[in-house]
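# A closer look at the structure
Take a look at the letters that make up each chain.
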Amino acid sequence: MNGDKILVVEDEKELGELVRDYLYVEGYTTILSHDGEEGLAQFHKEKPILAVLDIMLPNMDGIEVCRRIRKESTIPILMMSAKKSDTDKIIGLGIGADDYITKPFSPGELVARIKAHLRRYKHFSNQNDEENQDIMEYKDLKLDVKRHELYVKGEKVTLTAKEFKLLYVLLSNKGQVFSKEQLYEKVWGYTDFGDLNTVTVYMSKLRDKIESESTKPQYIETVWGVGYKFNDSV
């Protein structure tokens, strides 16, 4: 066992136990809950390194659990949904989730995503610990790497964990063009199962938070047919 704790909140008992068994084989300790309130309580008690939340849960739905976890933690959060509509997917991303997976899914795919998110989360955390530059500043932007905080024109702006990582990658490489595939690999940690539209959704949300006019971005520039770059000529 590697000691990493993963919170799984799933009201379908058999599915929850199946996911737990797959994670056990990979060496993870799984905290399994079957309703939202219990899951949130387990999060506070056990301090997991990652959370997997079903959207439809009794007592408190997964979206609210995600919101509450995100207010106090930057751990990766994966949402599970039985609905295939894009609305559920985007709502999940908008409240701070890092990824989503639609039921029915292969437990092997879920485990692969979990491992990829943990690799990126640990790498990013270690990278921040080792770097001397705790504060990154450019024009009206100030990124506090240690505290995971962003300030725009002196005012604190709340970012999700993935929004923060996306901005960090772009700001650390001003002027370099990244394709969606490259950003997905750098921020989400895998490409095999990824929906590249996720990058577009996150880029739109990030622009809304850092740009004076998100439709006329100054910082994050779209390079048509290629990808995105942080504009170093602002």
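All values derive from a computational prediction rather than experimental measurement. Residue positions are counted from 1 within each chain, in the order its sequence is given. Local features in this predicted model are restricted to residues of pLDDT 70 or higher, and side-chain atom pairs are both shown and tallied only at a pLDDT of 80 or more, whereas totals for entire chains, interfaces and linings draw on every residue. Here the side-chain values reflect all heavy atoms present in the structure, with hydrogen atoms and water set aside.

In this approach, a probe sized like a water molecule rolls over the atoms, and the result shows the empty space that is left. In this structure, the largest pocket spans a volume of roughly 430 Å³. Looking at which element gives the most residues to the lining of the largest pocket, the answer is helix H3 (residues 62-72), with four residues. In this count, Pro and Cys sit with the nonpolar residues alongside Ala, Val, Leu, Ile, Met, Phe, Trp and Tyr, while Asp, Glu, Lys and Arg are called charged and the others, Gly among them, polar. Split by residue class, the lining of the largest pocket holds six nonpolar, seven polar and 10 charged. A pocket here means an open set of points on a 1 Å grid, computed over the protein atoms alone, that has protein on both sides within 12 Å along at least five of seven lines. A cavity is instead a set of points where a 1.4 Å probe fits but cannot get out; residues with an atom within 4 Å of a point line either one. Grid points are joined across faces, edges and corners, and a volume is the space filled by probe spheres set on the points. Under the scheme used here, helices are H or I runs from DSSP no shorter than 4 residues and strands are E runs no shorter than 2 residues, and both carry numbers assigned from the N terminus.

One can describe the packing of helix H6 (residues 161-172) onto helix H7 (residues 180-188) by two numbers: an axis separation of 10 Å at closest approach and a directional angle of 120°. When the interaxial angle is binned, H6 and H7 end up oblique. At the point where H6 passes H7, the crossing takes the right-handed sense. Contact with H6, carried on its side by Lys162, Lys165, Leu166, Val169 and Leu170, involves Leu183, Lys186, Val187 and Trp188 of H7 and no other residues of that element. Note on geometry: axes are lines fitted to C-alpha atoms, helical ones only across the stretch in contact, with angles between N-to-C directions running from 0 to 180 degrees. Angle categories: roughly parallel below 35 degrees, roughly antiparallel above 145, roughly perpendicular from 65 to 115, and oblique for all the rest. For any pair of crossing helices, the crossing counts as left-handed if the nearer helix is rotated counterclockwise from the farther one by less than a right angle, and right-handed if it is rotated clockwise. Contact definition: two residues touch when any of their heavy atoms are within 4.5 Å.

What follows is about the sheet that holds strand E3 (residues 50-54). Following DSSP output, two strands are said to pair if at least two bridges run between them. Strand order in the open sheet formed by five strands is E2-E1-E3-E4-E5, and the pairing between neighbours is parallel. Where the open sheet ends on each side, the last strands, each with one partner, are strand E2 (29-33) and strand E5 (99-102). Across the sheet, the axes of successive neighbouring strands diverge by a mean angle of 20°, strand direction being ignored. Pairing of strand E4 (residues 77-81) with E5, which is carried by four bridges, proceeds in the parallel orientation.

Comment: phi is negative for the bulk of residues other than glycine, and the bulk of peptide bonds are trans. In this structure, proline 104 follows lysine 103 across a cis peptide bond, with omega equal to -5°. Assignment of secondary structure puts proline 104 in the loop between E5 and helix H5 (107-130). Positive phi, close to 55°, is recorded for histidine 148, a residue that is not glycine. Locating histidine 148 in the fold gives a position in the loop between strand E7 (141-144) and strand E8 (149-152).

Before going further, it helps to spend a moment on the side chain of aspartate 4. Here aspartate 4 is to be found in the segment before strand E1 (5-9). Leave out the neighbours within four places in its chain, and aspartate 4 touches Tyr28, Thr29, Ile49 and Lys122.

All right, on to the UniProt feature "modified residue: 4-aspartylphosphate" (unreviewed entry) in the protein chain then. UniProt positions are given in the numbering used here, feature names are shortened, and annotations may be inferred rather than shown by experiment. Listed under "modified residue: 4-aspartylphosphate" (unreviewed entry) in the UniProt record, and renumbered for this structure, are Asp54. Within the fold, aspartate 54 resides in strand E3. Buried means the residue's accessible area, taken with a 1.4 Å probe over protein chains only, is under 20% of the maximum for its type, while exposed means over 50%, and partly exposed covers the values in between. Judged by its relative accessible area of 3%, aspartate 54 falls in the buried class. Aside from chain neighbours lying at most four places away, what touches aspartate 54 is Val9, Glu10, Asp11, Gly62, Met80, Ser81 and Lys103.

Our focus in this paragraph is the environment of tyrosine 100. Locating tyrosine 100 in the fold gives a position in strand E5. It is 9.6 Å that separates the C-alpha atoms of tyrosine 100 and leucine 110, two residues lying 10 residues apart in sequence.

On to the pairing of strand E6 (residues 135-138), then. Because side chains alternate across E6, one face comprises the buried residues Met136 and Tyr138, and the other comprises Ile135 and Glu137, none of which is buried. Pairing of E6 with E7, which is carried by four bridges, proceeds in the antiparallel orientation. Bridge pairing in E7 links isoleucine 135 to aspartate 144. Linking E6 to E7, which pair antiparallel, is a turn of two residues; within it lysine 139 sits at a positive phi near 55°.

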